[in-house]
Amino acid sequence: MKNEYLHWLENEFHTSPYWQLLGITMDELEAGRARIKMAVEKQHLNSNGVVHGGATASLLDSVIGVTIRSMKDVKVATISLTTQFLLPVKEGILYAEAKMIHEGRRIQYVESILTQEDGSVVAKALGTFSVKQRIS
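The present account deals with the structure reproduced in this document. (Residues numbered from 1 in each chain as written. Predicted model: local features only at pLDDT ≥ 70, side-chain atom pairs only at ≥ 80, totals over all residues. Heavy atoms only, no water.)

1. Points about a nonpolar patch on the surface
Side chains of Ile79, Ile101, Ile107, Tyr109 and Leu126 sit close together on the surface and give an oily, nonpolar patch of about 430 Å² of accessible area. Within the secondary structure, leucine 126 is located in strand β6 (residues 121-133). For leucine 126, a relative accessible area of 43% gives the class partly exposed. (Patch = residues over 30% accessible without salt bridge, like charges linked within 9 Å, V, L, I, M, F, W, Y side chains within 5 Å. Areas by Shrake-Rupley, 256 points an atom, 1.4 Å probe, with all protein chains shown as cover. Salt bridge = Lys/Arg side-chain N within 4 Å of Asp/Glu carboxyl O. Helix = DSSP H or I, 4+ residues; strand = E, 2+ residues; numbered from the N terminus. Buried < 20%, exposed > 50% of the residue type's maximum accessible area, 1.4 Å probe, protein only.)

The following block contains the structure:
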């Protein structure tokens, strides 16, 4: 069962203007683990007819932010995101998940993976993130 903070966090991302623009939604959320998804639509495609790398990177970056924030109420900023694009995608639903590599006090290293519905890996990313405690 989700605690009050995770309900609040899920709503915060659900109402994110950027997530709404891309059609990103929360699929699963628990402390230390998140999965988001996006149904591929025409506006996500580049001139080659496949999902634009920016949409792919946005999913990989976003799931890392959610995962970090699912563990504690902090502000998160991307310092670096190294992305490998492995498969082109033309349709379907994409799922992004993240895994903590190193949880420092101010800097965290997290990797994320983007898959299609059949489980095939579309892209991967390694992110370096700055974390700062929120002051309420």
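2. What about the pairing of strand β1 (residues 24-30)?
In this structure, β1 lies alongside strand β2 (residues 33-39), joined through six bridges in antiparallel fashion. By the bridge assignment for β2, isoleucine 24 is matched with methionine 38. Joining the antiparallel neighbours β1 and β2 is a turn of two residues, in which glycine 32 adopts a positive phi near 85 degrees. (Pairing = 2+ DSSP bridges.)

3. Some points on the layout of surface pockets
Estimates place the volume of the largest pocket at around 230 Å³. Of all the elements in the fold, those that place two or more residues in the lining of the largest pocket are α1 (4-14), α3 (53-71) and β3 (74-85). Here the lining of the largest pocket takes five residues from α3, the largest share from any one element. Residue composition of the lining of the largest pocket, by class: six nonpolar, four polar and four charged. (1 Å grid on protein atoms, 1.4 Å probe; cavity = no way out; pocket = protein on both sides within 12 Å on 5 of 7 lines; lining within 4 Å. Points joined across faces, edges and corners; volume = space filled by probe spheres on them. Nonpolar A, V, L, I, M, F, W, Y, C, P; charged D, E, K, R; others polar.)

4. Overview of the pairing of β6
Relative to β6, β3 runs antiparallel, the two sharing 11 bridges. Considered in β6, the bridge of valine 76 is made with valine 131. Pairing of strand β5 (residues 107-116) with β6 involves nine bridges; the strand directions are antiparallel. Note that in β6 the partner of serine 112 across the bridge is alanine 125. Hairpin connection between β5 and β6: a loop of four residues separates the two successive antiparallel strands, and glycine 119 in this loop has a positive phi of roughly 90 degrees.

5. Some thoughts on the sheet that holds β1
In a beta sheet, neighbouring strands are held together by backbone hydrogen bonds and run either parallel or antiparallel to one another. Spatially, six strands are ordered β1-β2-β4-β5-β6-β3 in an open sheet, and the strand pairing comes out antiparallel. Two strands lie at the open edges of the sheet, namely β1 and β3, each paired on one side alone. Along the sheet, successive strands turn relative to each other by an average axial angle of 25 degrees, direction set aside. Sheet analysis places strand β4 (residues 93-103) next to β5, joined by nine bridges and oriented antiparallel. Within β5, the position partnered with lysine 99 by the bridge is glutamate 111. Its contacts with the sheet put α3 on β1, β2, β3, β4, β5 and β6, and the angle it makes with β3 is roughly 140 degrees. (Axes fitted to C-alpha atoms, helices over the stretch in contact; angles between N-to-C directions. Contact = heavy atoms within 4.5 Å.)

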